[in-house]
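Below, each chain spelled out in residue letters.
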Amino acid sequence: MKILYLFSALLCLNLSVAQNSKTFNTGKVVQKNYNVTVPYKDIRGLIIVEAAIKGKTYNFIVDTGALSAISQELYNDLELQSDTGIDIRDSSNLHQDMKLVTLPPVQVGDVTFKDVPAVVADSNNFFFQCLGIDGFIGSNMLRNSIVKFSYKDKTVSLTDKLKNFTTDKKKSAGLSKDKRQSNPYLWIDLKNDVSEGREELLFDTGMVGLYDLSLSNYDTFKKYNHVSVIHQAKGAYSLGINGVENPTEHYMLFMPELIFAGVTLKNITTTTTSDINSRIGCQILEYGDIVIDYPGRQLYFNPYMDGAIDLTEKNWPVLPVVKEDKFVIGIVWDAVYNGRINEGDEIIQFGEIDYSHMSPCEALKVNIKPQEDTAVMVLKDVKTGEIKKVELTKN
């Protein structure tokens, strides 16, 4: 399940080191016995908080699937210097060389993080500009804290004492942490009428969506009938910090039951990802508060409702993506539309939503969708330049 744009597309902002290098689990929290809560701004589920550096306030995404990062503009503003570059891989499995720096003290509420490593993103990075952010607070910065995310309250809380939060051991899962940057991983269980399975995946608040299955794990899941294939198609809809993935064979899948931290999710529709890791994304926060106890290596889930969570939904037969500063078709799932819709066709209008005067950034941030299950899409053909209309139906 993904909820970016009007009819499901993928945005994932995680950054990870793509080569053997030293640990980035350095730096510390200055305070002891702290318990701080700060509000966050919600853009498509992404968690954006204010942080102060050298007396000036900046906007940071809290991204548990990422290494801490800053924009080139903030790098210049802080007058930082770096003679070290590292190869960074994003969620689309694309690589880019980035400068490595040690940040000045970063203050979130009354908590100060000191001497934390971070990478520097390209000055023309689409996400930094579009989302109005100056950087990422990654797991290497959070690794010594216990962090609570509350979607209902739109707050992030930080403490060094688990007793400050309400937790239930029965609704929890053990965590393992990445050795280089402390990204949190947990096991989920998958069930259907004929089989049961398990998967270790990343808890990633920088991913807009609920659950993505890595292509590297898909073959195993299919072999043991853990998933059912709804559609299979080739395209590029995964948009990471380094750009759009290369065209890849992907799958839309159905899972009857997934157990996350002791809580059952039912009737899940998902797609595969080019990332090497499967992921649980920030959409899970819509269903309950989550506490990540980094030092204690435990994740706690406090759902907002009792019983199983039913995620039954209908899906549009195409997925869009922002590419070359245009809002275009990234993949055509349903073969019924082959020949009528092409990968790369520019989306002009969909139902009552006019994209002709909307920037790709606006399309990224808005939460609008056709009101009905059938809608006409107006497209500019990538091959001929022709304006065409195609009626689409959710299924």
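Residues numbered from 1 in each chain as written. Predicted model: local features only at pLDDT ≥ 70, side-chain atom pairs only at ≥ 80, totals over all residues. Heavy atoms only, no water.

**Quick word on the overall build of the protein**
In step 1: When its secondary structure is counted, the protein shows five helices and 37 strands.
In step 2: Taken over 395 residues, the protein has a buried fraction of 57%.
In step 3: Pairs at least 24 residues apart make up 68% of the contacts formed inside the protein by residues separated by at least 6 positions.
In step 4: When the accessible surface of the protein is summed, it comes to about 16,100 Å², and 44% of that surface belongs to carbon and sulfur atoms. (Helix = DSSP H or I, 4+ residues; strand = E, 2+ residues; numbered from the N terminus. Buried < 20%, exposed > 50% of the residue type's maximum accessible area, 1.4 Å probe, protein only. Contact = heavy atoms within 4.5 Å. Areas by Shrake-Rupley, 256 points an atom, 1.4 Å probe, with all protein chains shown as cover.)

**Side note on the pairing of strand β30 (residues 298–303)**
In step 1: In terms of burial, β30 is largely enclosed, as six of its six residues are buried.
In step 2: Judged from the three bridges that link them, strand β17 (residues 172–174) and β30 form a sheet pairing that is antiparallel. When the bridges of β30 are listed, Ala 173 appears paired with Leu 299.
In step 3: Bridge count between strand β29 (residues 288–293) and β30: six bridges; the pairing is antiparallel. Its bridge partner lying in β30, Val 291 is registered against Tyr 300.
In step 4: From the end of β29 to the start of β30, which pair antiparallel, there are four residues, and Arg 297 there has a positive phi angle of about 55°. (Pairing = 2+ DSSP bridges.)

**Digging into the confidence of the model for the protein**
In step 1: Across the protein, the average pLDDT comes to 88, with 89% of residues at or above 70.
In step 2: Contacts for the low-pLDDT stretch residues 1–14, under 50 throughout, to residues beyond four places or in other chains number 99 contacts. (pLDDT = per-residue confidence, 0-100.)

**What to know about the sheet that holds β17**
In step 1: On the basis of which strands lie adjacent, the open sheet formed by six strands has the order β4-β16-β15-β29-β30-β17 and antiparallel pairing. The sheet is open, and its two edges are formed by β4 (35–39) and β17, each paired on a single side. Across the sheet, the mean angle from the axis of one strand to that of its neighbour is 15°, orientation sign disregarded.
In step 2: As paired elements, strand β15 (residues 146–150) and β29 share four bridges and run antiparallel to each other. The partner of Phe 149 across the bridge, within β29, is Ile 290. (Axes fitted to C-alpha atoms, helices over the stretch in contact; angles between N-to-C directions.)

**A word on the pairing of strand β14 (residues 135–138)**
In step 1: Burial along β14 is two-sided: the face carrying Gly 135 and Ile 137 and the face carrying Phe 136 and Gly 138 are both buried.
In step 2: As judged from the four bridges shared by strand β7 (residues 56–63) and β14, these two strands associate in the parallel manner. Bridging from a neighbouring strand, Val 62 pairs with Ile 137 of β14.
In step 3: Here strand β8 (residues 69–70) pairs with β14 via two bridges, running antiparallel. Residue pairing across strands places Ile 70 opposite Gly 135, the latter belonging to β14.

**Let's talk about the packing of aromatic side chains**
In step 1: Under the criterion given, the structure shown has five aromatic pairs.
In step 2: Aromatic side chains Phe 128 and Phe 136 sit 5.5 Å apart centroid to centroid with 70° between the ring planes, which places their arrangement in the edge-to-face category.
In step 3: Given a relative accessible area of 1%, Phe 136 falls into the buried group.
In step 4: When the ring of Phe 327 is compared with that of Tyr 355, the centres are 4.9 Å apart and the planes differ by 40°; the resulting orientation is tilted. Linking Phe 327 in strand β33 (residues 326–332) with Tyr 355 in the loop between β35 (353–354) and α5 (360–365), this pair joins segments that are 28 residues apart in sequence.
In step 5: Looking at Phe 327, the relative accessible area reads 6%, which means it is buried.
In step 6: For the cation-ring pair, Lys 99 lies above Tyr 75, with the distance from its terminal atom to the ring centre recorded as 4.8 Å.
In step 7: Residue placement shows Lys 154 over the ring face of Tyr 151; its charged tip is 3.7 Å from the ring centre. (Phe/Tyr/Trp six-rings, centres within 6.5 Å; stacked < 30°, edge-to-face > 60°. Lys NZ or Arg CZ within 6 Å of the ring centre and 35° of its normal.)

**With respect to the nonpolar core**
In step 1: Membership of the largest hydrophobic core comes to 67 residues, with the highest contact counts inside it found for Tyr 211, Phe 260 and Ile 284.
In step 2: Looking at which element gives the most residues to this core, the answer is strand β26 (residues 248–260), with five residues.
In step 3: Judged by nonpolar contacts, the second largest core, of 22 residues, contains Ile 61, Phe 136, Val 208 and Leu 364. (Core = buried A, V, L, I, M, F, W, Y, C linked by side-chain atoms within 4.5 Å.)

**Things to note about the state of the cysteines**
In step 1: As enumerated under the stated definition, the model contains one disulfide in all.
In step 2: Across the disulfide, Cys 130 is cross-linked to Cys 361 (sulfur-sulfur distance 2.2 Å). Note on the Cys 130 and Cys 361 pair: the S-S dihedral is about 95°, so by sign convention the disulfide is right-handed. Of the two residues, Cys 130 is situated in helix α2 (residues 126–131) and Cys 361 in helix α5; the sequence distance between them amounts to 231 residues.
In step 3: When its relative accessible area of 17% is taken as the criterion, Cys 361 is described as buried. (Disulfide = S-S within 2.5 Å.)

**Let's talk about the side chain of Asp 293**
In step 1: Residue placement: Asp 293 occurs in strand β29.
In step 2: Buried within the structure, Asp 293 lacks any salt-bridge partner; Lys 177 is the closest side chain of opposite charge, at an N-O distance of 7.8 Å. (Lys, Arg positive; Asp, Glu negative; His and termini not counted. Salt bridge = Lys/Arg side-chain N within 4 Å of Asp/Glu carboxyl O.)

**Quick notes on the pattern of salt bridges**
In step 1: Tallying each qualifying case throughout the model produces eight salt bridges.
In step 2: Across the pair Asp 345 and Lys 388 runs a salt bridge whose closest N-O atoms are separated by 2.8 Å. In this pair, Asp 345 sits in the loop between β33 and β34 (346–350) while Lys 388 sits in strand β37 (residues 387–393), placing the two residues 43 residues apart along the sequence. Comparing Asp 345 with Lys 388, the two get one shared label, buried.

**What about the environment of Lys 314?**
In step 1: With respect to the helices and strands, Lys 314 occurs in the loop between β31 (309–310) and β32 (318–323).
In step 2: In the structure, Lys 314 is positioned 59 residues away from Asp 373 in sequence and 8.3 Å away in space, judged by C-alpha atoms.
In step 3: Non-local contacts of Lys 314, meaning those with residues more than four positions away in its chain, are made with Asp 373, Lys 394 and Asn 395.
In step 4: Side-chain polar atoms of Lys 314 contact the side chain of Asp 373, separated by 3.0 Å. (Polar contact = N/O pair within 3.5 Å; in protein donor to acceptor, adjacent residues only side chain to side chain.)

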